[in-house]
Amino acid sequence: MLRIDRVELEDFGPFKGRQAINLPEAPGVAVVYGENMRGKTVLLNAIRFALFGKVLGRARREGSLHTIGNWEQAAAGQYGFEVVLQFQDEGSQYRLTRSCRPRSGVVPEQHSDYDVKHFLQRDGEVLGPGQAIAEIERIMPEKIARFFLFDGELLQEYEDLLRNESDMGRQISESIEQILGVPVLTRSRATLAKLLDDYGKKEAKSAQANTITSELGTQMNVLLDQRQVLQDGLDDMEVSLAQLREDKADLDEQLRRNERLTAMMDKRDMLLDAIESLDEQIEARQAEIAIEMRVAWKSLVAARASDLTGGLRDRERRLQLQKMRHEVLRASADRGVGPDKCPTCFQVLSDEVLAQMEEAAAGEAAKIEDIERQLRDIQRRLDALEDAARVSSETGLRMLWSDLDRLKRDRYTNEDEASELDRRLQEAGDDQGAVRQAQYEQEQTVKKIALLEEGIGEQEDALAENERDLERVRARLASSGGADVEGARQRRRLCAELHGLFDQAVARYRDRLRRSVEADATELFLQLTTEPEYAGLRINESYGLTILHQDGSEIPVRSAGAEHVVALSLVGALQKNAPLRGPIFIDSPFGRLDTQHTRNVISALPSMTEQVCLLVYEEELRPQLARELLRGQLHAEYSLRRVSARHTELEER
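Notes on the structure in this doc start here. Nothing here was measured: the structure is a model prediction, and the numbers come from that model.

Cut-offs used in this document
- One numbering rule holds for all chains: residues counted from 1, following each sequence as written.
- Where totals are concerned, whole chains, interfaces and linings use all residues; where local detail is concerned, this predicted model gives features only for residues with pLDDT of at least 70, and gives and counts side-chain atom pairs only at 80 or more.
- Where side-chain values are given, they derive from all heavy atoms of the structure, hydrogens and water being excluded.
- Only strands that DSSP links by at least two bridges are regarded as paired with each other.
- Put simply, DSSP marks the helices as runs of H or I at least four residues long and the strands as runs of E at least two long, and each gets a number from the N terminus on.
- Residue contacts are defined here by distance: any two heavy atoms, one from each residue, within 4.5 Å place the two residues in contact.
- Where helices are involved, their axes are fitted lines through C-alpha atoms of the stretch in contact, as for all axes, and angles between N-to-C directions lie from 0 to 180°.
- Any two of the Phe, Tyr and Trp rings considered here, Trp counted by its six-membered ring, make a pair once their centres fall within 6.5 Å; the pair's planes then place it as stacked at under 30 degrees, edge-to-face at over 60, or tilted in between.
- Exposure classes here rest on a 1.4 Å probe applied to the protein chains alone. A residue is buried below 20% of its type maximum, exposed above 50%, and partly exposed in between.
- Either the NZ atom of lysine or the CZ atom of arginine qualifies as a charge over a ring when it sits within 6 Å of the ring centre and within 35 degrees of the ring normal.

**Describing the sheet that holds strand β2 (residues 15–22)**
Sheet strands line up and pair through hydrogen bonds in the backbone, either parallel or antiparallel. Here 6 strands make up an open sheet; going across it, the order is β2-β1-β4-β5-β6-β7 and the pairing antiparallel. Two strands close off the open sheet at either side, each with one partner strand: β2 and β7 (125–126). Note that strand β4 (residues 81–89) and strand β5 (residues 92–102) share 9 bridges and pair antiparallel. Note that in β5 the partner of Asp-89 across the bridge is Ser-92. Packed onto the sheet, helix α3 (residues 129–139) meets β4, β5 and β6 (114–122) and runs at close to 75 degrees relative to β6.

**Let's talk about the packing of aromatic side chains**
The full count for this structure, using the stated rule, is 5 aromatic pairs. A centroid spacing of 5.0 Å and a plane angle of 10 degrees characterise the contact between Phe-87 and Tyr-94, whose relative ring orientation is stacked. You'll find Phe-87 and Tyr-94 in the same group, each marked buried. In this structure an aromatic cluster arises from ring pairing among Phe-12, Phe-49 and Phe-81. The ring of Tyr-543 has Arg-514 lying over it, and the distance from NZ or CZ to the ring centre is 5.9 Å.

**Quick notes on unusual backbone geometry**
Where the residue is not glycine, phi is negative for most of them; where a peptide bond is considered, it is trans in most cases. Even without being a glycine, Tyr-543 presents a positive backbone phi close to 75 degrees. Turning to its location among the elements, Tyr-543 is positioned in the loop between β9 (534–539) and β10 (545–549). Residue class for Tyr-543 comes out buried when judged on its relative accessible area of 0%. If you check the backbone angles, Arg-631 has positive phi at about 50 degrees while not being a glycine. One can find Arg-631 in the loop between α15 (623–630) and β13 (634–644).

**Structural notes on the side chain of Glu-563**
Secondary-structure assignment places Glu-563 in helix α13 (residues 560–577). When neighbours within four sequence positions are excluded, Glu-563 is seen to be in contact with Gln-156, Tyr-158, Glu-159 and Arg-558.

Have a look at this one:
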């Protein structure tokens, strides 16, 4: 088991000069107290830098080494830093030194201006570069470091194990299987798969050497070569897909850690879109009001116009009667057109009456032109007056003005809120650009993943078709091959059976591990939770844990605190089941927990692993409470004392 004995820092972050923290050899807990910005997270990064040569910044993205050196020393022209990690594993003592210094003749301004060097001593003997890298990877693979070096926020990632589509969940699941030793079996299975291909080629070669089966052997060899090309292509695509999913998981995590900033940016964009839409609506309402206002004056003369219209209508009727009388007289007096009868009563008209009608018609003929002129004039005046009387709806116009006022108020409110968000986003500075870049990269990565998954599906279909073709050739070969071919076939079949056996072994081993992790996580969870109705945890294929109620139902929604407790239960269960065990260094583990959950976690920590180091601030964990609950299992206490904003001293209590 890996155990860290001492961490020495030289000009690393706020730790100016050379400082060290010694961790007790006895199993138990050490606590480092420090207020925010004093260097708790920096201590985690110091161990990470010593082991892997990198540090993690915000959103767990790799940070620039140029920002890690002590600021006061850099201001004085002294750049660079060093970390020495003393630890033990499998009975051997190790001293790992990793330094970061400016390149010769360069005043550093960026990450690339530094050289990072390291060397490793085992039991006093300096190991070669390649041997040192292999030894560090054996003792603490970087991929599983998340289970040993983490902060409280990192625990929330484990919720992704419950979502099958989550790339972060897939990445954590792979790390869990690595710490549990599953790759030992999967690598053996891969080796057998390679041997199976080799024996297939030997079978094809034996068939080619036989004159009877030569043609079949050639066909088999061509198919095997084709299969190799397809498999190599599939392997390359799967490696690329794994890297893309890892990149997406990192981007998802970066965006999750910046979700507050992301939410502000998304809301600001939404408000700007809303303002643009409101501007269009305001312009449309103003146009409608302008049209209505062109005739709004008519309401002032509508009553008078209506009165005048009535008078003109009376006069129009009188003139129309005169015109009609003239037409009747003229038509009746026209003797050559029809029978001399009255068109109204149909009585026969006498000559005397007809003569009178002709005289009357002749007398009015001079007036009819004037009557028609008056009628035309009256119609024009009536048209104008009726148009003036047709006023726009006063209620409709009032509604348009009211709607315009509402739109302007909404626009003002949105613009004011967007301006406030702009101010807050400007305070975020470069983070805003980083989030935008992360969002863009995430979108592009998702598109690449989709294309690659489609390509992998096509490649797998091609491999399946190739395998069917091979089986058809093998079936024909089985009925016509000689002793040499049969021997090669038997060896291939044996290898295939061994491959199938290891395939089953991997599935069964995974299932057994999941059951064991579930049982241990449940036991630890019941020690940590304060809810008496919780019965335990249920594990899924990705090692995600769901809380179970005592009635057997699942708890679908979990608070951040509950998620925290479940994640700690998983970490503790992995420590118990993993062949590779080590210390737990955890930064601010109690920020989301109430007092009783905090007490439960403190009491349970010593049972999770032999070495625990808590990095906390005193409001999060009172020293007296830690001493009361841990008692003889609390072996060391350190404080991070502020000297200045850029200088922290490690002091043992």
